[in-house]
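So the chains spell out like this:
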Amino acid sequence: MTAHPPVAARHPRTRGRARRAVTSLAAAAALVAPAALTGCAAERDDDDVYTVLNSSTDETYHRWDAEAMARCGKRLGVTVEQQSVPASQVMTKALRMASSKSLPDVVQFDASEMPVFAEAGGLVDLRTLGLSTDHVPDGIVDFGSYRGTYYGAARSVNTLALFYNKDVLAEAGVRTPATWDELRRAARELTRGKRYGLALSAGGAEDGVFQFTPFMWSNGGDERELDSPQVVEALDFWKALLKDGSLSRSTVNWTQADVNDQFMAGNAAMMINGPWQVETLNSDPSLNWGIAEIPVPEAGADSVAPLGGAVLTVPRTGDDGRRRMAGRIVACLTSEKEQLTYALNSWMVPADERAAAEWRAQVPALDALADQVATARSRTDRLGAGWPAVSLALQSAFQSALTGQSSEAALKRAQQRATSGN
């Protein structure tokens, strides 16, 4: 399995699941709030054993987390154990545990889902537990915040970048593109026979939305106004790539994993993807790949991509003593040293600026990824728990626009759907 991408990359959401996510806030409010307000915690068999609910079901991630928790437990004089479920089940599992007053001490949420739990009042402000954000970039602080309150601490973050086959570009005499015009021209020149110039995910799931946001945001678009000229122009750019023949028409069905498969098979000279693919890319020693920031509309503009990853949160269990220790566990797991260890294992970028500087020195091949993270932002930054409705609306817009409808019409409908929830 590849390294730890955002939930979207590992578990593409179906339309049904995305629609359910829109109503999950109501479910969270119903289930979390009573558990938080009673002030009662479930009885513990062992007061020195603390539990972390996470999505580390992959053997390597489960082992890395177990080792980190063992180190932190030893340092703090307690036992820290993980309970791992598939990423798509973390929220529902946490909601059930809240309902039965059996919440774990720490929950690792995908950052795009954390606001739902926070909105319902089920999480503790980490700053009240002594966690500092002094060496964390503002974008990553926002990534773990909801309405200005810091609920989630990230160990590492990820984002998207432009991956390219160095040998193919060199043979064609094509320079790594930095602007949309350069990307379109390069993609046309690199399209030969069965090989497309570029591969990306425009599927009807969160994968496609994750991949569209760099084009939308870098062009000045805003998820609160999906039918703005800036968003229309970004989607038109995708349509132009498709019209040129530089993108496969199958792009509307591809997940990010599919995109990586096409790139590794030599069916695409470039791709938009994330660092969770690095482990797989490195499994083929003959593949000479490079990485760059995602091209921007005009030279000099910031390339603004989405932050992905998970955050560690402390639920309201009603036990102040355990809550304080849970905060210390989160602080240990997100310490500079632990972040660097985790990031070097997973190819992600440390959230702490000091750890990120050391990470750059140790993995210079991914330096562009750290640059991309520096300007990246959270998908839920402006909409919070309202993000799932926008995501669902955008997914439908891609499918319509890339199969014939005008971008303007597709995005006008998307804005109506996002606003109405239908």
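Data block above holds the structure.
Scoring rules and cut-offs
- Residues numbered from 1 in each chain as written.
- Predicted model: local features only at pLDDT ≥ 70, side-chain atom pairs only at ≥ 80, totals over all residues.
- Heavy atoms only, no water.
- Helix = DSSP H or I, 4+ residues; strand = E, 2+ residues; numbered from the N terminus.
- Buried < 20%, exposed > 50% of the residue type's maximum accessible area, 1.4 Å probe, protein only.
- Areas by Shrake-Rupley, 256 points an atom, 1.4 Å probe, with all protein chains shown as cover.
- Disulfide = S-S within 2.5 Å.
- Contact = heavy atoms within 4.5 Å.
- Polar contact = N/O pair within 3.5 Å; in protein donor to acceptor, adjacent residues only side chain to side chain.
- Pairing = 2+ DSSP bridges.
- Axes fitted to C-alpha atoms, helices over the stretch in contact; angles between N-to-C directions.
- 1 Å grid on protein atoms, 1.4 Å probe; cavity = no way out; pocket = protein on both sides within 12 Å on 5 of 7 lines; lining within 4 Å.
- Points joined across faces, edges and corners; volume = space filled by probe spheres on them.

**Student:** I'd like to hear about the overall build of the protein, residue by residue, with values.
**Tutor:** Assigned secondary structure in the protein consists of 18 helices and twelve strands. For the protein, buried positions account for 58% of its 422 residues. Accessible area of the protein: about 16500 Å², with a carbon and sulfur share of 46%.

**Student:** Which residues make up the state of the cysteines, and what values go with them?
**Tutor:** What the rule picks out here adds up to one disulfide. Here Cys-72 pairs with Cys-332 through a disulfide, and the sulfurs are 2.1 Å apart. Taking the sign of the S-S torsion, about -90° here, the bridge from Cys-72 to Cys-332 comes out left-handed. Of this pair, Cys-72 sits in helix α3 (residues 59-76) while Cys-332 sits in helix α13 (residues 320-333); the two residues are 260 residues apart in sequence, bridging distant segments of the chain.

**Student:** Please give an account of the environment of Gln-372 that cites residues and values.
**Tutor:** Structurally, Gln-372 can be placed in helix α16 (residues 367-375). Taking the relative accessible area as the measure of exposure, Gln-372 reaches 0% and is therefore buried. Spatially, the C-alpha atom of Gln-372 lies 6.9 Å from that of Ala-305, the residues being 67 residues apart in sequence. For Gln-372, the contacting residues outside a window of four places in its chain are Thr-159, Leu-160, Ala-161, Glu-293, Ile-294, Ser-303, Val-304 and Ala-305. A polar atom in the side chain of Gln-372 sits 2.9 Å from the side chain of Ser-303.

**Student:** A description of the sheet that holds strand β8 (residues 196-199) should follow, citing residues and the corresponding values.
**Tutor:** Spatially, four strands are ordered β8-β9-β7-β10 in an open sheet, and the strand pairing comes out mixed. Among the strands making up the open sheet, the edge pair consists of β8 and β10 (289-292). Strand-to-strand, the axes of this sheet are offset by a mean angle of 20°, without reference to chain direction.

**Student:** Lay out the layout of surface pockets in plain terms, naming residues and giving numbers.
**Tutor:** When its volume is computed, the second largest pocket comes out at roughly 210 Å³. In terms of lining residues, the second largest pocket is bounded by 17 residues, among which Ser-132, Val-136, Thr-334, Gln-339 and Asp-352 are the most central.

**Student:** Which residues make up the sheet that holds strand β1 (residues 49-54), and what values do they have?
**Tutor:** One open sheet accounts for four strands, arranged β2-β1-β3-β11; its pairing is mixed. Edge positions in the sheet fall to β2 (79-84) and β11 (310-313), since each has one partner strand and no second. Going from strand to strand, the sheet's axes swing by 20° on average, the running direction of each strand aside. Bridging between β1 and β2 involves six bridges; their strand directions are parallel. Counterpart to Leu-53 in the pairing with β2 is Gln-83. Relative to the sheet, α3 contacts β1 and β2, its axis offset from that of β2 by approximately 155°.

**Student:** Tell me what's going on with the environment of Gln-416, and back it up with residues and numbers.
**Tutor:** By secondary structure assignment, the location of Gln-416 is in helix α18 (residues 407-420). Each C-alpha atom, one on Gln-416 and one on Asp-227, is 9.1 Å from the other, the two residues being 189 residues apart in sequence.

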